[in-house]
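Take a look at the letters that make up each chain.
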Amino acid sequence: MLLALGLSCVRAHRVNKHKPWIETSYHGVITENTDVVQLDPPLVALDKDAPVPYAGEICGFHVQGLSAPFEAVVLNSTSGEGRLRARGPIDCERQREFTFSIQAHDCGTGPEGRGEKRSHKAAVHVQVGDVNEFPPVFGQLQYHGSVTEGKVFDSILQVQASDQDCSPQYSQICNYQITSHDTAFAIDRNGNIRNTESLSFDKKSHYKIRVTALDCGQKRAAQDAVVHIHVKPVCKPGWQGWNKLVDYEPGTGSKLLFPKMHLETCDGSVSWIRTTVELESSGAGKGCDRVSYSERSSQKLCGASSGSTDLLPAPSSVFNWTATLVTDSGRDGDLTYRFDGRQAAKIPDWVVPQNLTHQFTITTWMKHGPSPGQRAEKETLLCNSDKTEMNRHHYSLYVHNCRLVFLLRTDYTQTDSFRPAEFHWKLEQICDKEWHYYVISVDFPVVTLYVDGVTYDPYLVTDDWPIHSSQIDVQLTVGACWQGGEVSKAKFTQYFRGSLSGLTIRPGKIESQTIISCLQACKEGLDITSLESLGPRIKFHLNPAQSLVVMEGEDLEQMNSALRKVSYINSRQFPIMGARHLRISTAVQCFGEDVCISVPDIEAVVMVMQPSKPRITITGAEHLTIPASDLALGLSLFRDLHIISTVTKSDEPTNTGVDSISHYTEVIRQVRYQNRQAVDSVRTFRLTCSELNGRYTSDQYTLQVNILHSEEAVEHVNHAMAPPKYVQIIHPAIIESNNYYNLAVPAIATAVIVVCIAALLVVLLGVYRLNQPQNKDNIHTHTLPEKQADCDGSSLSITVNPLETFQELQSAEEVTEEEEDEEEECDISSTESDSDEEEATTSFIHHQTRMQWGKASLHC
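Because the structure is a prediction, the values reported are computed rather than measured.

Definitions and limits used
- Residues numbered from 1 in each chain as written.
- Predicted model: local features only at pLDDT ≥ 70, side-chain atom pairs only at ≥ 80, totals over all residues.
- Heavy atoms only, no water.
- Helix = DSSP H or I, 4+ residues; strand = E, 2+ residues; numbered from the N terminus.
- Polar contact = N/O pair within 3.5 Å; in protein donor to acceptor, adjacent residues only side chain to side chain.
- Contact = heavy atoms within 4.5 Å.
- Buried < 20%, exposed > 50% of the residue type's maximum accessible area, 1.4 Å probe, protein only.
- Phe/Tyr/Trp six-rings, centres within 6.5 Å; stacked < 30°, edge-to-face > 60°.
- Pairing = 2+ DSSP bridges.
- Axes fitted to C-alpha atoms, helices over the stretch in contact; angles between N-to-C directions.
- Arc of directions from axis to C-beta.
- Core = buried A, V, L, I, M, F, W, Y, C linked by side-chain atoms within 4.5 Å.

Visitor: Provide a residue-level description of the side chain of Ser-385, including the pertinent values.
Guide: Among the secondary structure elements, Ser-385 is positioned in strand β27 (residues 379-386). Separated by 2.7 Å, the side chain of Ser-385 and the backbone oxygen of Trp-482 make a polar contact. Other than its neighbours up to four places away in sequence, Ser-385 contacts Arg-392, His-393, His-394, Asp-473, Val-474, Gln-475, Cys-481 and Trp-482.

Set out below in structure tokens:
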């Protein structure tokens, strides 16, 4: 019997020979919010082991896929029929289709499912059928439009609705309907509303209609949109298309005030118009710290001499040589031209100045970056060369390897000697990809370059022989140089890559540096961008304060265009926020009519927004640990102090508190703390800095000094604590009469000031008492009055302004005993001290520059 049972088990194991079989792919459809998937073909698994029990039966299906929300169940294990269903609700709007795989397995060799076999994996792609469950929704529930009385319009305004259903059938809006009754309006399937009859302002000035939307499944919007249509009366003369409030962000340069404004004359016959734009800044202040004005406007404001020739004017029928050049919005709306190494222009002969002598001036705005390649070619801004036969350059201005070069060749009629011919300048501005204002001032043989109002002498001047006289005509070009001879075909060469604006040349008198500096200056006020593009019959006046612009002309469209070019500019780094009021007044004349239209004045406001606040950061060591014995020698508290500010330059002049951060830092680093008596184990010093006259204040920098009492003070020199031998420490003596300290400042005071701050930089350093002993290193000291020695040191606060003003060097012999009563102005705070004798001294290197210390107050 046991043998028979074992043979039957082996036979049963060998019965399950085949794997189940299913189709290789299935396509299904499920309607959202249901769980039944209709598969094509149906889900059926076959097994060649059938009808053997277990081995020929299907016990299950496995769904495999990333987060596939489906499962398959066996409906009949013998036939292998199954069903695919969703494990939960399916949302078409969340996901419109699913792709996963399915696999069938048999029941193995017995009821436990041992030895089961699995089929191959079949791909299943299920699409979710949409249900029209969402109604259309309008983008806004209130719409407003206007229509002029007496006219019928094809479209007054358009309403729009959307549907969240996932299918095109139910998500598209197929129709709009007006639900209000007895209305004089109609709507098309795109949502455009029009009036079906002319309307009267006197009869009814406001209409309120309701509109609904239907999707392509004819589901209606749950909430109607309300449309307000206002009827405007007949035309009234006046300015239209302007905003009463214009926001101005500091640092954005020039902003057009009326970019869409036009004068409505109501078909009136106007023969002459004069418009005045007045800016009332109401004492908000004016200042300048960068270049912004258009070239022509700057020349008029600064009093530059007339007679300059504009080589890059706005394209027109007369000035047509710039028509092929590429224009750019450029600097503050000015007309700028962008050259990419393929554009150039020939200047007509009738434009070229013919009376250039030993004195003339070339000016231009230029933005230029580094040239590609290791060996850059010459990039010509301006060139005057032979038109034919030869290839001689008479004068030219070009960039080569980030160097600006001006070439000027004299001819034998002027001189026959070896003369300066090429002038070279190497400046960072030439390739920094920023706008800069360049002036080449020629007073031969001297050539001077001004960049943004600053004078630069050439670092290299090369000489050459004069050019022989000839009858060959010359050609002036911009953006490249003309090569008319020594080649088979005349062509442009040495193309320029960059942007130019306001390129002019003016023979004769050389402008002063004051005028040149003014030409690149700017301030708060009105401006006219692209003066060259104003109509030829438009006259204008811009007052020196740039608070008043007057324009007049006979052509209405030219006047509209001119007024659109009026802009506001405020180039202060930190302008005072608030409103600047504008008033526009207009006077008109009509053709031969006794009665002419009247244009009312309008008022607008330029709102200068709050500028970004500057940040002042103080960094340095936060903890110091020293033996108590070293305090007698003096401790440099702020040796590694650093002050960083986002303000790089004061935006308004002042007579006090103006100096560089480096100077303030140098002074603070020389503050020393000295004490020869027993002190607490911890001393705390706090330091803050402010700028722009206290308008902005830094974070508080705290230094904690840990004092070790484990050893006795000894009489030796600690080179880490004592000042260097070459530094002479000079203590400010006290003067009752004028309350100023006279101190020598370090040699760095004469260095170039890179960062200027209009502020009183306040040093906060805590001390208990001031008592400075004399030592071998010539440390000058003084003792406080006895009444001060009795103060409670816990609240001691001394405010010091070491760089309030500068004065000339005064000899050490002038410091008398009478000066010992002056108080020191420091805001220096310190805590946790019971010492009877403490000192804070400042060491300074002798130098010919002297400083005055400000008023002082000692609070006990």
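Having put the structure on the table, let's press on.
Visitor: Could you give an account of unusual backbone geometry, with specific residues and numbers?
Guide: Across the junction of Asp-40 and Pro-41, the peptide omega takes the value -5°, indicating a cis bond. For Pro-41, the location among the structural elements is in the loop between β2 (38-40) and β3 (58-64). In this structure, the amide linkage connecting Ala-50 to the following residue, Pro-51, adopts the cis form with an omega of 10°. Among the secondary structure elements, Pro-51 is positioned in the loop between β2 and β3. Positive phi is not limited to glycine here, since Asp-267 has a value of about 65°. The residue Asp-267 is located in the loop between β20 (262-264) and β21 (270-280) in this model. Even without being a glycine, Cys-402 presents a positive backbone phi close to 60°. Positionally, Cys-402 belongs in the loop between β28 (393-400) and β29 (403-408). Exposure remark for Cys-402: the relative accessible area of 24% places this residue in the partly exposed category.

Visitor: An account of the packing of aromatic side chains is requested, with residue identities and associated values reported.
Guide: The final tally for this structure, using the stated rule, is 16 aromatic pairs. Both rings, one in Phe-70 and one in Phe-98, keep their centres 5.4 Å apart while their planes meet at 80°; by these two values the pair is edge-to-face. Pair noted here: Phe-70 is in strand β4 (residues 70-76) and Phe-98 is in strand β6 (residues 97-106), with a separation of 28 residues, a long-range link. Judged by its relative accessible area of 2%, Phe-70 is buried. Each ring, one from Tyr-673 and one from Phe-685, has its centre 5.3 Å from the other, and the planes form 65°; the classification is edge-to-face. With Tyr-673 in strand β50 (residues 671-675) and Phe-685 in strand β51 (residues 682-687), this residue pair connects regions lying twelve residues apart in the sequence. The exposure class assigned to Phe-685 is buried, which follows from its relative accessible area of 0%. Members of the aromatic cluster, each reached through a chain of ring pairs, are Phe-70, Phe-98 and Phe-100.

Visitor: Please provide a residue-by-residue account of the sheet that holds strand β7 (residues 122-129), values included.
Guide: What links the strands of a sheet is backbone hydrogen bonding, and the strands pair in either a parallel or an antiparallel sense. Read across the open sheet, the five strands follow the order β2-β1-β7-β6-β3; overall the sheet is mixed. Because the sheet does not close on itself, it has two edges, and the strands there are β2 and β3. Looking at each pair of strands side by side, their axes are set apart by 30° on average, direction ignored. Bridge analysis of strand β1 (residues 25-31) against β2 gives three bridges, and the strand direction is antiparallel. Bridge pairing in β2 links Gly-28 to Leu-39.

Visitor: Explain helix α5 (residues 556-563) to me, and be specific about the residues and the numbers.
Guide: Helical geometry note: an α-helix holds 3.6 residues per turn, so side chains three or four residues apart project in the same direction. Buried within α5 are the following residues: Met-559, Asn-560, Ala-562 and Leu-563. What you see down the axis of α5 is that its buried residues fit within an arc of 165°, all on one side. Check the buried side of α5 and you find it contacts β17 (238-240), β20, β21, β41 (548-553) and β42 (566-569).

Visitor: An account of the nonpolar core is needed here, citing residue identities and associated values.
Guide: Ranked by size, the top nonpolar core spans 41 residues in total, and within it Ile-362, Phe-406, Ile-440 and Val-478 carry the most contacts. If we skip the residues at most four places from it in the chain, Val-478 touches Leu-311, Leu-312, Phe-339, Ala-344, Ala-345, Ile-347, Leu-381, Leu-382, Leu-500 and Leu-503.

Visitor: Quick one: what's the story with the sheet that holds strand β14 (residues 192-195), residue by residue and with numbers?
Guide: With antiparallel pairing, the three strands of this open sheet are ordered in space as β10-β14-β13. What marks the edges here is a single partner per strand, and that holds for β10 (157-158) and β13 (185-187). Of the pairings in the sheet, the one linking β10 to β14 comprises two bridges and is antiparallel in character. Within β14, the position partnered with Gln-158 by the bridge is Asn-192.

Visitor: Hey, could you go over the environment of Cys-402 for me, with residue numbers and the actual values?
Guide: Between the alpha carbons of Cys-402 and Lys-378 there is a distance of 9.8 Å; along the sequence they are 24 residues apart. Leaving out residues up to four positions away in the same chain, Cys-402 has contacts with Pro-370, Lys-426, Leu-427, Ile-430 and Cys-431.

Remember that the coordinates give geometry; whether it matters functionally is a separate question.
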